[in-house]
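A closer look at the structure
Below, each chain spelled out in residue letters.
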Amino acid sequence: MLRAKNRLGLVFFPAFDWAISPTHPEREERLLYTQDQVFEEGIADIEGIKFFNPGMATEKDVQRVHFCVPDVMSRVTESHLISAGGAIKAAEALMEKEVDKAFAIVRPPGHHAQRVVFGDRGFCIINIEAVMLENIRQRFGHRRIAIVDTDCHHGDGTQDIYWNDRDTLYISFHQDGRTLYPGTGFLDEFGGPAAIGYNINVPLPPETGEEGFLYVLDNLVMPILEEYKPDLVVNSAGQDNHYTDPITNMNFTAHGYAELNHRLNPDIAVLEGGYSIEGALPYVNLGIILAMAGLDYSHVREPDYDPTKLKQSPRITEYIKELCEKIYERWCRKEGIARETLKGKEYVLRPRNVYYDTDGIMEEQTQKFKVCPHCSGLNTIHSRSDWGYEIFAVSIPRDACPACIDEGYKIYKETPEGKYFKTFLQDRVNDTYMSK
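What you see is a predicted model, and the numbers here were worked out from it, not measured in a lab.

Let's talk about the overall build of the protein chain
Within the protein chain one finds 13 helices and 16 strands. Radius of gyration (C-alpha) of the protein chain: 21 Å, near the 22 Å computed for a compact globule of 436 residues. For the protein chain, the C-alpha atoms occupy an extent of roughly 65 × 45 × 40 Å along the three principal directions. The proportion of buried residues among the 436 residues of the protein chain is 62%.

Dropping the structure here:
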């Protein structure tokens, strides 16, 4: 019997009862073809690969991450809670040492879901990786975590959630936001005042192929991870860089995804995007499973694979090399950039406009971060949607000092009830959430 070198946990959840529409690219068939391929290839018979049923994330799990308007249960469905619960189950199996690695092959996805949630954007309502990570931090103790997001779209939601958290390094390589939704993910999006340099974006040109993705990994991502030394590496495993994906413009392959996963060597992978339901996902998921299990993936090929059509142009190759040099140089200068940026400042404001493309909602938001010498600093959010809902949120960070904790409760208590549609308090130190 074939035996996996790494004990691998797999969680499948295709969410049969949830889709934006019957023909929408983000629908249950995304995973059903993968399931067929996995069982056809005999993955279930490999010793050391274990299947787990997903659990269900709780309302409290979501509240550790999001301010849902008006509340969690009004915004999310059971399918979203099970998708996040599937990611939690994968991480739990890893943390309890039942497996060496885990892959949550679940939907709906989540990396466009930001801290404030008025609705569905980019097919995402709650951020399943963030819900997973904060659950395991609460249960298993603090972990220094690196998230490497390989989805073709910039993970603006994950960026927002961990914008001011230097204990969560976020690296996203994606198709340039000037050419693709959500139009973000540029070099100057470098992190909040307590985490300048710990948010790294690599915007890649359309038609980047296997050569480009693996160059970024080897020459930028891996050196940064080696310096950061995370306790856990999580791959936000979007698969829409594939050359057959209907809504993107990249030239990555199933074998390339497997090779990337082999070199990155993540502890946990969580499925994000990928909408070539028959032409890509079964092969990409198979390649990732084999790579994570430490098995041979060299024969994973799509039926229409033609390397001559997918060869990356020399112009793109040179552009990517120069881009990686520039980003790594900024990473090396992050402490100096932070001192220069924060000199003489007590607060940093972050005004933003956020569009919920699926629901047609425009949100106007201002985040305010306290520059605190003792912790990451108290954070408040004033937000208004064009549907008429105005909210105010107070967030006390996980490493908050006593002064920031006291100030956070004071602001929340002194905000008159009824001034906003909703006022929230999220106390990450004491795992407490309140609203009025």
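After that view of the structure, there is still more to cover.
Examining the environment of Phe 213
By the secondary structure assignment, Phe 213 is in helix α7 (residues 210–228). For Phe 213, a relative accessible area of 1% corresponds to the buried category. C-alpha of Phe 213 to C-alpha of Ile 320: the two residues are 107 residues apart in sequence and 9.0 Å apart in space. When near neighbours in sequence (up to four residues on either side) are disregarded, Phe 213 contacts Phe 173, Leu 204, Thr 208, Asn 241, Met 250, Phe 252 and Leu 260.

Description of the environment of Leu 310
Within the secondary structure, Leu 310 sits in helix α10 (residues 307–310). For the pair formed by Leu 310 and Met 250, sequence separation is 60 residues and the distance between their alpha carbons is 9.3 Å. Excluding residues within four positions of it along the chain, Leu 310 makes contact with Tyr 243, Asn 251, Thr 253 and Tyr 305.

Side note on the packing of aromatic side chains
A ring pair, where both rings are aromatic, is described by two values, the distance of the centres and the angle of the planes. For the structure shown, the criterion picks out 14 aromatic pairs. Summarising the aromatic geometry, the rings of Phe 39 and Phe 51 are spaced 5.8 Å apart at their centres and angled 15° between planes, so their arrangement reads as stacked. Placement of Phe 39 in helix α1 (residues 29–40) and of Phe 51 in strand β2 (residues 47–52) is noted, with a sequence separation of twelve residues between them. Relative accessible area serves as the criterion here: at 49%, Phe 39 is assigned to the partly exposed category. On the accessibility criterion, Phe 51 (30% relative accessible area) is partly exposed. Residues Phe 67 and Phe 424 carry aromatic rings whose centres are separated by 5.6 Å and whose planes lie at 45° to one another, so their mutual orientation is tilted. Of this pair, Phe 67 sits in strand β3 (residues 67–68) while Phe 424 sits in strand β15 (residues 422–427); the two residues are 357 residues apart in sequence, bridging distant segments of the chain. One exposure class covers both Phe 67 and Phe 424, and it is buried. Above the face of the Phe 190 ring, Arg 330 is positioned so that its terminal group lies 4.3 Å from the ring centre. Geometry around Tyr 412 places Lys 436 over its ring, the cationic atom sitting 4.6 Å from the centre.

Brief notes about unusual backbone geometry
Across the junction of Val 69 and Pro 70, the peptide omega takes the value 5°, indicating a cis bond. Its place among the elements puts Pro 70 in the loop between β3 and α3 (72–75). The omega torsion across Tyr 181 and Pro 182 is 5°, close enough to zero to call that bond cis. Within the element layout of this structure, Pro 182 appears in the loop between β7 (168–175) and β8 (199–204). The residue Asp 431 is not glycine, and still its phi comes out positive at about 55°.

Regarding a nonpolar patch on the surface
A contiguous nonpolar surface patch, about 330 Å² in accessible area, is contributed by Trp 387, Tyr 389 and Phe 421. Looking at the element boundaries, Phe 421 is found in the loop between α13 (402–414) and β15. Under the relative-accessibility criterion, Phe 421 is labelled partly exposed at 40%.

Focus: the sheet that holds strand β13 (residues 379–385)
The mixed open sheet is built from six strands, whose spatial order is β11-β12-β13-β14-β15-β16. Each edge of the open sheet is held by one strand with a lone partner, namely β11 (347–356) and β16 (432–435). The average angle at which neighbouring strand axes cross in this sheet is 15°, direction not considered. With four bridges connecting them, β15 and β16 associate as antiparallel partners. In the strand pairing of β16, Leu 425 is matched with Met 434. Against the sheet, α13 touches β11, β12 (361–370), β14 (390–396), β15 and β16, its axis set at about 160° to β14.

Procedures and definitions
- Residues numbered from 1 in each chain as written.
- Predicted model: local features only at pLDDT ≥ 70, side-chain atom pairs only at ≥ 80, totals over all residues.
- Heavy atoms only, no water.
- Helix = DSSP H or I, 4+ residues; strand = E, 2+ residues; numbered from the N terminus.
- Rg over C-alpha atoms; globule rule 2.2 N^0.38 Å.
- Buried < 20%, exposed > 50% of the residue type's maximum accessible area, 1.4 Å probe, protein only.
- Contact = heavy atoms within 4.5 Å.
- Phe/Tyr/Trp six-rings, centres within 6.5 Å; stacked < 30°, edge-to-face > 60°.
- Lys NZ or Arg CZ within 6 Å of the ring centre and 35° of its normal.
- Patch = residues over 30% accessible without salt bridge, like charges linked within 9 Å, V, L, I, M, F, W, Y side chains within 5 Å.
- Areas by Shrake-Rupley, 256 points an atom, 1.4 Å probe, with all protein chains shown as cover.
- Salt bridge = Lys/Arg side-chain N within 4 Å of Asp/Glu carboxyl O.
- Pairing = 2+ DSSP bridges.
- Axes fitted to C-alpha atoms, helices over the stretch in contact; angles between N-to-C directions.

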